[in-house]
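Observations on the three-dimensional arrangement
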Amino acid sequence: MSLITTPFPARATAAEILTGVDLTGRRMIVTGGASGLGGETTRALAGAGAQVTIATRNPAAAKAIVEEFPGTTVAALDLADLASVRAFCDQWDGPLDTVVANAGVMALPERQLNAAGWEMQLATNYLGHFALVTGLRAALRSTGRTQSFGPRVVMVSSSAQLLAGFDFDDPHFERRPYDPLIAYAQSKAADTLFAVALSRQWAEDGICANASSPGSIHTNLTRHMDAATLQALGAMDVNGDLLTPDYYKTPAQGAATTVLLAAAPILEGVTGRYFEHNQEAEVVEGGPQTLANGPGAMAGVAEWSVDPAAADRLWEHTLEVIGAVA
């Protein structure tokens with residue numbers, strides 16, 4: 001299967017991806033869509049005419065975007081709380097074209113669990129989005145293929161998925177030592193596996209699901225990372241001042257690949273893939289060696305992140321969890 005390529009360069013902005021695209025009438029949800037990458041995603045989609053619902057823990061943070069795009073709405077959503085996810089899904093009315101699973105948490109310094117007993121990064125980045133998307137299946141399915149593209153789900157992953165796959169034996173670090181970055185990597189591998197599973201499980205619904213990597217960007221997502229880690233990334237000097245390495249993107253550039261998967265007509269029918277820098281990524285062997293040439297050189301999607309058997313296994317496991325806490 002050949003890799004999909006697009007005409008967009010690696011540093012295209014989200015708005016440039018949608019040049020000439022009319023999304024009028026399309027209904028879309030962007031989790032964490034009030035700021036950072038999510039904010040740029042919302043702006044690009046709303047700017048092309050989409051009716052975007054910003055799903056966020058802090059609705060007040062979306063005030064500026066709502067004022068800029070009056071057709072945009074805001075709804076409360078705490079992905080770490082499955083009751084909050086269920087309430088959001090219950091309140092949704094009508095068809096839905098696209099879900100952008102963008103919100104997340106990164107590198108929590110201490111192990112934390114949510115009410116379901118899941119490690120907090122995995123609970124927020126993956127489990128909450130799993131519950132959200134599966135809870136909105138009927139809304140996505142009702143959109144159908146009467147428009148220029150069918151319903152889509154975009155899982156915002158990360159190059160971190162190259163560092164660790166999903167540990168089915170100890171996903172919540174009950175026995176192995178907790179590592180903030182490995183926990184984050186596992187959650188992003190799970191997000192990518194979810195896209196693969198959706199493409200397989202919901203194929204008959206015409207719902208396309210893909211995963212995207214935004215690249216490295218200065219956003220609030222890195223607020224929990226310590227100085228030593230940021231310095232190792234080349235993103236902070238010894239005085240604690242932020243630096244912007246050459247491989248870093250702006251938020252508008254980082255949101256481009258997500259927007260490409262969410263709304264670009266050229267990707268109609270594409271599903272079960274992982275994209276970075278606005279192109280489909282090569283499948284590579286994951287592991288610590290991916291850091292050998294520095295974090296800026298990390299590229300591709302790990303075999304364990306797109307393994308169909310692992311995707312199906314994680315799908316079944318998560319359905320059981322969702323059912324148990326319903």
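Numbering of residues begins from 1 in every chain and follows the order in which that chain's sequence is written. Predicted model: local features are reported for residues with pLDDT of at least 70 only, side-chain atom pairs are reported and counted for 80 or more only, and whole-chain, interface and lining totals are derived from all residues. Calculation of side-chain values draws on the structure's entire complement of heavy atoms; hydrogens and water are dropped beforehand.

For the protein, an unreviewed UniProt entry supplies the name SDR family NAD(P)-dependent oxidoreductase and the organism Micromonospora azadirachtae. UniProt positions are given in the numbering used here, feature names are shortened, and annotations may be inferred rather than shown by experiment. The record held by UniProt for the protein lists under Sequence similarities (unreviewed entry) the comment "Belongs to the short-chain dehydrogenases/reductases (SDR) family."

**Things to note about the overall build of the protein**
Summing up its helical and strand segments, the protein has 11 helices and 10 strands in all. In this scheme, a residue with accessible area under 20% of its type's maximum is buried, one over 50% is exposed, and one in between is partly exposed, where area comes from a 1.4 Å probe on protein chains only. When the 326 residues of the protein are sorted by exposure, 54% land in the buried category. Only heavy atoms matter for contacts: two residues are in contact if any of them lie within 4.5 Å across the pair. Look at the contacts in the protein between residues 6 or more apart in sequence, and 74% of them connect residues 24 or more apart. Summed over all atoms, the accessible surface of the protein reaches about 13300 Å², with 52% contributed by carbon and sulfur. Put simply, DSSP H or I for four residues or longer makes a helix, DSSP E for two residues or longer makes a strand, and each gets a number counted from the N terminus. In short, Shrake-Rupley with a 1.4 Å probe defines the accessible areas, and a residue's cover is counted only from the protein chains shown.

**Quick notes on helix α2 (residues 36-47)**
The end-to-end C-alpha distance of α2 is 16 Å, a good match for the 16 Å that 12 residues give at a rise of 1.5 Å each. All of the buried residues along α2 are L37, G38, G39, T41, T42, A44, L45 and A46. One less than the residue count of a helix, multiplied by 1.5 Å, gives the span that helix is expected to have.

**With respect to the sheet that holds strand β6 (residues 208-213)**
Strand pairing is assigned whenever DSSP identifies at least 2 bridges connecting the two strands. The strand order across the open sheet formed by eight strands is β3-β2-β1-β4-β5-β6-β7-β8, and the pairing between neighbours is mixed. Looking at which strands have only one partner, the edges of the open sheet turn out to be β3 (73-76) and β8 (279-280). Pairing analysis gives two bridges linking strand β7 (residues 274-276) to β8, with the strands arranged antiparallel. Looking across to β8, one finds that F275 is bridged to E280. Angles shown run from 0 to 180 degrees and are taken between the N-to-C directions of axes, each axis being a line fitted to C-alpha atoms and, for helices, limited to the stretch in contact. This element, α2, spans β1 (27-31), β2 (51-56) and β4 (98-101) of the sheet and lies at about 170° to β1. Contacts from helix α5 (residues 120-135) reach β1, β4 and β5 (152-156) within the one sheet, and its direction differs from that of β4 by about 175°.

**Focus on the environment of F130**
Along the polypeptide, F130 turns up in helix α5. Residues F130 and D191, spaced 61 residues apart in sequence, show a C-alpha to C-alpha distance of 8.6 Å. The residues touching F130, leaving out its near neighbours within four places in the chain, are F194, W315, T318, L319 and I322.

**Observations concerning the pattern of salt bridges**
Definition used for salt bridges: Asp or Glu carboxyl oxygen within 4 Å of a side-chain nitrogen of Lys or Arg. With the rule as written, the count across this model stands at 10 salt bridges. Salt-bridge contacts for R43 lead to E40; the nearest nitrogen and oxygen are separated by 3.8 Å. Within this pair, R43 and its partner E40 are both found in helix α2, separated by three residues, close to a single helical turn. A relative accessible area of 24% places E40 in the partly exposed class. Of the charged contacts, one joins D167 and R176 as a salt bridge, the two residues approaching to 3.5 Å between their closest N and O atoms. A relative accessible area of 22% means that D167 is categorised as partly exposed. The exposure class of R176 is partly exposed, given its relative accessible area of 22%. Salt bridges here are not isolated pairs; linked through shared partners, they connect E40, R43 and E68.

**Let's talk about the pairing of β1**
Summarising burial for β1: four of the five residues are buried, a large majority. With five bridges connecting them, β1 and β2 associate as parallel partners. Each bridged residue has a counterpart across the sheet, and for M28 the counterpart in β2 is V52. One crossover worth recording links β1 to the parallel β2 by way of α2, and it is right-handed. For β1 and β4, the ladder comprises three bridges, and the chain directions are parallel. Across the sheet, residue M28 finds its bridge partner in β4, namely T98. Assignment of crossover handedness uses the view with strands pointing away from the viewer, where a clockwise path from the first strand over the helix to the second indicates a right-handed crossover.

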